[in-house]
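The primary structure of each chain is shown beneath.
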Amino acid sequence: MTQLEFYKSFQFVAELIIAEALFCLRLNGRSKYFIRLPFALAGVVLFSFLFPIITTNAFYISFTRTL
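As the structure is a computational prediction, the values presented were derived from the model and not from experiment.

J.: Describe the overall build of the chain, naming the residues involved and giving the relevant values.
T.: When its secondary structure is counted, the chain shows three helices and zero strands. Moving toward the C terminus, one meets the helices and strands of the chain in the order α-α-α. A buried classification covers 9% of the 67 residues belonging to the chain. Working note: accessible area of the chain is about 6,200 Å², and carbon and sulfur atoms make up 71% of it.

Structural data, given as structure tokens:
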């Protein structure tokens, strides 16, 4: 796996977080939102670090999504 492929998983996570932030901008916050937010973001980034996108060929994409 090259460095570029490794950082693609972090780029995807950043795009998701930005899109969700824009979507949820006007919603009412839950209790202790700002206490839970860093833990949730750290969990998502850790998940993308532990399970990176190995490759983007058709076999990997189609057969790993069905497991």
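There is more to say, and it comes next.
J.: If you had to explain the layout of surface pockets to someone new, which residues and values would you point to?
T.: Size it by volume and the largest pocket reaches roughly 540 Å³. Considering the residues around the largest pocket, the lining is formed by 18 residues, among which Glu20, Ala21, Cys24, Tyr33 and Leu37 are closest to the centre. Going through the elements one at a time, helix 1 (3–23) and helix 2 (33–50) are the ones with two or more residues in the lining of the largest pocket. When grouped by side-chain class, the residues that make up the lining of the largest pocket number 13 nonpolar, two polar and three charged.

J.: Go over the packing of aromatic side chains, please, and point to the residues and values.
T.: Per the counting criterion, the structure on display carries one aromatic pair. Judged by centre distance (5.1 Å) and plane angle (75 degrees), the ring pair of Tyr33 and Phe34 falls under edge-to-face. Relative accessible area serves as the criterion here: at 68%, Phe34 is assigned to the exposed category.

About the criteria used
Residues numbered from 1 in each chain as written. Predicted model: local features only at pLDDT ≥ 70, side-chain atom pairs only at ≥ 80, totals over all residues. Heavy atoms only, no water. Helix = DSSP H or I, 4+ residues; strand = E, 2+ residues; numbered from the N terminus. Buried < 20%, exposed > 50% of the residue type's maximum accessible area, 1.4 Å probe, protein only. Areas by Shrake-Rupley, 256 points an atom, 1.4 Å probe, with all protein chains shown as cover. 1 Å grid on protein atoms, 1.4 Å probe; cavity = no way out; pocket = protein on both sides within 12 Å on 5 of 7 lines; lining within 4 Å. Points joined across faces, edges and corners; volume = space filled by probe spheres on them. Nonpolar A, V, L, I, M, F, W, Y, C, P; charged D, E, K, R; others polar. Phe/Tyr/Trp six-rings, centres within 6.5 Å; stacked < 30°, edge-to-face > 60°.

In short, the description is geometric, and any link to function would need to be established separately.
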